[in-house]
Amino acid sequence: MHVNVRFFAVSREMVGAERQMYTLPEDATLQDLQHQLFAAYPALEAQRVRFAVNLTYAPLTTVLHEGDEVACIPPVGGG
Amino acid sequence: MNDELSIQNLKSKIQNLIEITEQPISTDDVVARLTDPAIGAVVTFIGVVRGVTEGRETLHLEYEAYPEMAEKVLQQIADEVRARWTDVREVAIVHRVGHLEVGETAIVIALSAAHRAQMFDALHYAIDRIKEIAPIWKKEVWADGAEWRSEQ
């Protein structure tokens, strides 16, 4: 299964990309993806990132599906 | 046919109430989007780029958004405001992204209602909620460095 991961702000700078494609086993969860991300980019782990799946904040137990858009959301600061 | 046209006009008006833009924001333009004839009061919050934070001079700010999700979240916040303060009739939120100079407008929130009661509470809630959940980030750029800032 493939998911498209988007990175913003400090996470975009740490990863050095706006988007990456990740390959995961069927029935993988957001937690599994987070594990891969933190292994590849250890600095991300200290950033208290949240995740969104298909434009909605999602808990780590969320089961992912082929083609999902996952966003890595560091602490926000709009306004 | 006229009905269809007016429904289309109404839809485009409603969509325009929430916007992420790279263009400078005119507060008058945002207020002008509130067209409900039953309104008797409008309150606005204007967020501008501060030149000094914690004693340090800011050169400029870089705002970044996850635009598709930010518009959805701002719409959700507008719906929350109307659900909690049922007198509030319209909620317009326009947030600018990109490179902003000190003194430029980053966000305008405008609420309309028949009467002014509780509108300031509703406005306060709206800006706090935006800072809490809208996927928008700002980077302060100083003469000797830069940092992504969050109040969380």
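Report follows, based on the coordinates. (Residues numbered from 1 in each chain as written. Chains lettered and ligands numbered in written order. Predicted model: local features only at pLDDT ≥ 70, side-chain atom pairs only at ≥ 80, totals over all residues.)

1. Focus: the overall build of chain A
At step 1: Secondary structure summary: chain A contains two helices and five strands in total.
At step 2: When its helices and strands are written in sequence order, chain A yields β-α-β-α-β-β-β.
At step 3: In terms of overall size, chain A behaves like a compact globule, its C-alpha atoms giving a radius of gyration of 12 Å where 79 residues would be expected to give roughly 12 Å.
At step 4: Projecting the C-alpha coordinates of chain A onto the three principal axes gives extents of approximately 35 × 25 × 20 Å.
At step 5: Partitioning the contacts of chain A with sequence separation of at least 6, the portion at a separation of at least 24 is 56%. (Helix = DSSP H or I, 4+ residues; strand = E, 2+ residues; numbered from the N terminus. Rg over C-alpha atoms; globule rule 2.2 N^0.38 Å. Contact = placed C-beta atoms within 7 Å.)

2. A short note on the overall build of chain B
At step 1: Counting its regular elements, chain B contains four helices and 10 strands.
At step 2: Scanning chain B from its N terminus toward the C terminus, one meets helices and strands in the order α-β-α-β-β-β-β-α-β-β-β-α-β-β.
At step 3: The buried share of chain B, reckoned over its 152 residues, is 30%.
At step 4: Within chain B, contacts between residues at least 6 apart in sequence are counted, and of these 75% link residues at least 24 apart. (Buried ≥ 20, exposed ≤ 12 C-beta atoms within 10 Å, placed from the backbone.)

3. Description of the packing of helix α3 (residues 67-84) of chain B against helix α4 (residues 119-133) of chain B
In a pair of packed helices, the angle between the axes and the distance between the axes together describe the arrangement.
All names here are of chain B.
At step 1: As a packed pair, α3 and α4 sit with axes 10 Å apart at the nearest point and diverge in direction by 150°. Judged by the inter-axis angle, α3 sits roughly antiparallel to α4. Regarding α3 and α4, the two cross each other, and that crossing is right-handed. Two secondary-structure elements touch here, α3 through V73, I77, E80, V81 and R84 and α4 through A122, Y125, A126, R129, I130 and I133.
At step 2: Of the residues in the contact of α3 with α4, the class split is eight nonpolar, no polar and three charged. (Axes fitted to C-alpha atoms, helices over the stretch in contact; angles between N-to-C directions. Parallel < 35°, antiparallel > 145°, perpendicular 65-115°, else oblique. Left-handed = near helix turned anticlockwise from the far one by under 90°. Nonpolar A, V, L, I, M, F, W, Y, C, P; charged D, E, K, R; others polar.)

4. Thoughts on the sheet that holds strand β8 (residues 105-113) of chain B
Residues and elements named next belong to chain B.
At step 1: Pairing in this open sheet of four strands is mixed, and the strands run β1-β6-β8-β2 from one edge to the other. Where the open sheet ends on each side, the last strands, each with one partner, are β1 (18-21) and β2 (41-48). On average, each strand axis in the sheet is inclined to that of its neighbour by 10°, with strand direction left out of account.
At step 2: Relative to β8, β2 runs antiparallel, the two being bridged by eight bridges. For A41, the partnering residue across the bridge sits in β8 and is A113.
At step 3: Along the sheet, α4 makes contact with β2, β6 (88-96) and β8, crossing β8 at roughly 145°. (Pairing = 2+ DSSP bridges.)

5. Comments concerning α4 of chain B
Residue and element names in this part refer to chain B.
At step 1: Under the 1.5 Å per step criterion, the end-to-end length of α4 is 21 Å for 15 residues, consistent within 8% with the ideal 21 Å.
At step 2: Looking at α4, one finds that the buried residues are A122, L123, A126 and I130. All buried residues of α4 fall inside an arc of 100° around its axis, so they share one side. Opposite its buried face, α4 presents the exposed residues F120, D121 and H124, each directed more than 90 degrees away.
At step 3: At its buried positions, α4 is contacted by β2, α3, β6 and β8. (Expected span 1.5 Å × (residues − 1). Arc of directions from axis to C-beta.)

6. With respect to the interface of chain B and chain A
At step 1: Taken together, the 22 residues of chain B in the interface contact 14 residues of chain A.
At step 2: Looking at the side of chain B that touches chain A, the elements that each hand over two or more residues are α3, α4, β9 (136-142) and β10 (145-149) of chain B.
At step 3: Considering every element that reaches the side of chain B that touches chain A, the biggest residue donor is α4 of chain B, with four residues.

7. Some points on the environment of Q23 of chain B
At step 1: In this structure, Q23 of chain B sits in the loop between β1 and α2 (27-32).
At step 2: Sequence-wise, Q23 of chain B and S150 of chain B are 127 residues apart; in three dimensions their C-alpha atoms are separated by 23 Å.

8. Some details on helix α2 (residues 30-40) of chain A
One turn of the α-helix equals 3.6 residues, which is why residues spaced by three or four share an orientation.
All names here are of chain A.
At step 1: Turning to α2, its buried residues are L30, L33 and L37. Within α2, the buried residues cover an arc of 60° as seen down the axis, which keeps them to one side.
At step 2: Buried-residue contacts for α2 involve β1 (2-7), β2 (19-23), β3 (50-53) and β5 (69-73).

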